[in-house]
Amino acid sequence: MTTPTPIPHQRTQHAELVAISEMDLAEVARFIAAQSGRTKETTAETKEAHLRWFLLENPARLPQHPLGFGLRSADQLVGCILCSPQAFRFENQRILLMGSSSFYVDDHHRGHGGRVFLQYCRLAKQWPLFGTSANAEAAALWKAAGASPIPYSDGELFGVLRWPGVAEEFAHRRCSSRLLARLAGSPISGLVDLARPLKIDSLASDVLQPLESAEQVNELAVQDSSAKLTSMRDLSYVRWRYFSSRDATTAAFAFRGRSPDREILVTVNQRTRGYRGQIKTLNVLDVYPEVRPEEWLRIVGALAHRYKKIVDAIVLRSQDPGRQKVFCERGFQYRAFDAPIGWFLDKAELLPTHDWYPVPADGDGLI
């Protein structure tokens, strides 16, 4: 990701590219927190611990893999892009892609941002590259490098379960008065709920069986051969991604499908949105194996029943046009991004197919 537009007439200062090492991670964590505006959310120790988990505990990482690249000026870190490998599969073939994460450049050195990204792009000689958290500026760099958007990464579906926090956000964006915004978030906003309710059948939450370990996930059909390029959900990845106790809101379930009759892996996490974090969202991270739209409706109905008292909205990403149509007909709103947030670069033609089954858990988009 990149930060806002450069300051007009600001002279770009000298900076040099460096390789990021494990010893730099504390400084990198502080820099990312400052650039992303998260300095007040968590302690410095927590930020560094998260980064060490994401980079160093990643089971796909090998000692020879780069941690990332930095930009230094006057012995200060003023830019970075991190490298996060992830194993994918096609049929029974394992393919390693080198992901990008946390692409930030300080305002005063924005002119060097292309150098940082180009250094990462040079890795395309060894691995296919991908990223899942690009904003519009980063997307322009991906496109200029010859990359292609990851399918269905140009928007998301937003299904409102409880309107007060969402109505407050709408009001806040349309007026400067916080008093009016908070009034819009009062129970009277439930009238909007009556006007545009979700048309999703609520299923008893017992159709979602909580999974308490990676071994339980491994008992599902997550190791089956895939006809599309998709994440390799092996035991080490599942344990790291969902059961490492880094995110208390992450949950995994087994869902009994109907067509065909089999158990489906469903994973979720919770995040806050809104100008004061007043909107609690449930993000569907993974549904595997891939299912038909009618099964997606049943899954979302079961999740809505289970989480209706603790979240305000359900967020769905990586939805193909057919599923988008089905969900929009049932009250979900489609929110287009300024540019696709997911990209892949395969200059060396190392991928056996470009037919993807992407999920929001891929990369760093919703970690």
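(A) Expanded view of the nonpolar core. Counting residues in hydrophobic clusters, the biggest one holds 61 residues, and the most contacted among them are Val266, Val268, Val287, Leu303, Ile314, Leu316 and Phe327. Sort the elements by how many residues they give to this core and helix α10 (residues 293-307) lands first, with eight residues. Setting aside chain neighbours within four positions, we find Leu303 in contact with Leu208, Phe253, Val266, Val268, Leu282 and Val284. With 30 residues, the next largest nonpolar core counts Ile81, Met98, Leu123 and Leu345 among its residues.

(B) The arrangement of the sheet that holds strand β13 (residues 313-316) in detail. Spatially, seven strands are ordered β8-β10-β11-β12-β13-β7-β14 in an open sheet, and the strand pairing comes out mixed. The strands lining the two open edges of the sheet, one partner per strand, are β8 (208-210) and β14 (333-336). On average, adjacent strands in this sheet sit at an angle of 35 degrees to one another, irrespective of strand direction.

(C) Geometry of the packing of α10 against helix α11 (residues 321-328). For the pair α10 and α11, the least separation of the axes is 10 Å and the interaxial angle reads 50 degrees. With respect to each other, α10 and α11 are oriented oblique. As α10 packs across α11, the resulting crossing turns out to be right-handed. Contact residues: α10 offers Pro293, Trp296, Leu297 and Val300, while α11 offers Arg323, Val326 and Phe327.

(D) Region of interest: unusual backbone geometry. Across the junction of Tyr288 and Pro289, the peptide omega takes the value 0 degrees, indicating a cis bond. Positive phi outside glycine occurs at Ser245, with the angle close to 65 degrees. Its location among the elements puts Ser245 in the loop between α9 (235-242) and β10 (251-256).

(E) A look at the confidence of the model for the protein. Per-residue confidence for the protein gives a mean pLDDT of 89; residues scoring 70 or more make up 89%. Low pLDDT, under 50, characterises residues 1-11; the predicted model gives this stretch 24 contacts beyond four residues in sequence or across chains.

(F) Structural detail: the pairing of β10. Counting buried residues along β10, five of its six residues qualify, which places the element largely inside the surrounding structure. Here three bridges tie β8 to β10, and the two strands are oriented antiparallel to one another. Counted as the bridge partner of Gln209 is Ala254 from β10. Alignment of β10 against strand β11 (residues 263-273), held across six bridges, turns out to be antiparallel. Within β11, the residue paired with Ala254 across the bridge is Leu265. Counting the residues that bridge the hairpin from β10 to β11 gives six residues.

(G) Structural view of the pairing of strand β12 (residues 279-288). In terms of residue burial, β12 counts as a mostly covered element, since nine of its 10 residues are buried. The pairing of β11 with β12 spans nine bridges and is classified as antiparallel. Each residue of the ladder has a partner; that of Val268, found in β12, is Val284. The hairpin turn running from β11 into β12, its antiparallel successor, is five residues long, and Gly274 in that turn takes a positive phi close to 100 degrees. Note: β12 against β13, three bridges, orientation parallel. Within β13, the residue paired with Asn283 across the bridge is Val315. Handedness of the crossover is the feature at issue here: the chain leaves β12, passes through α10, returns alongside β13, and the resulting connection is right-handed.

Conventions adopted
Residues numbered from 1 in each chain as written. Predicted model: local features only at pLDDT ≥ 70, side-chain atom pairs only at ≥ 80, totals over all residues. Heavy atoms only, no water. Core = buried A, V, L, I, M, F, W, Y, C linked by side-chain atoms within 4.5 Å. Buried < 20%, exposed > 50% of the residue type's maximum accessible area, 1.4 Å probe, protein only. Helix = DSSP H or I, 4+ residues; strand = E, 2+ residues; numbered from the N terminus. Contact = heavy atoms within 4.5 Å. Pairing = 2+ DSSP bridges. Axes fitted to C-alpha atoms, helices over the stretch in contact; angles between N-to-C directions. Parallel < 35°, antiparallel > 145°, perpendicular 65-115°, else oblique. Left-handed = near helix turned anticlockwise from the far one by under 90°. pLDDT = per-residue confidence, 0-100. Right-handed = clockwise from strand over helix to strand, strands pointing away.

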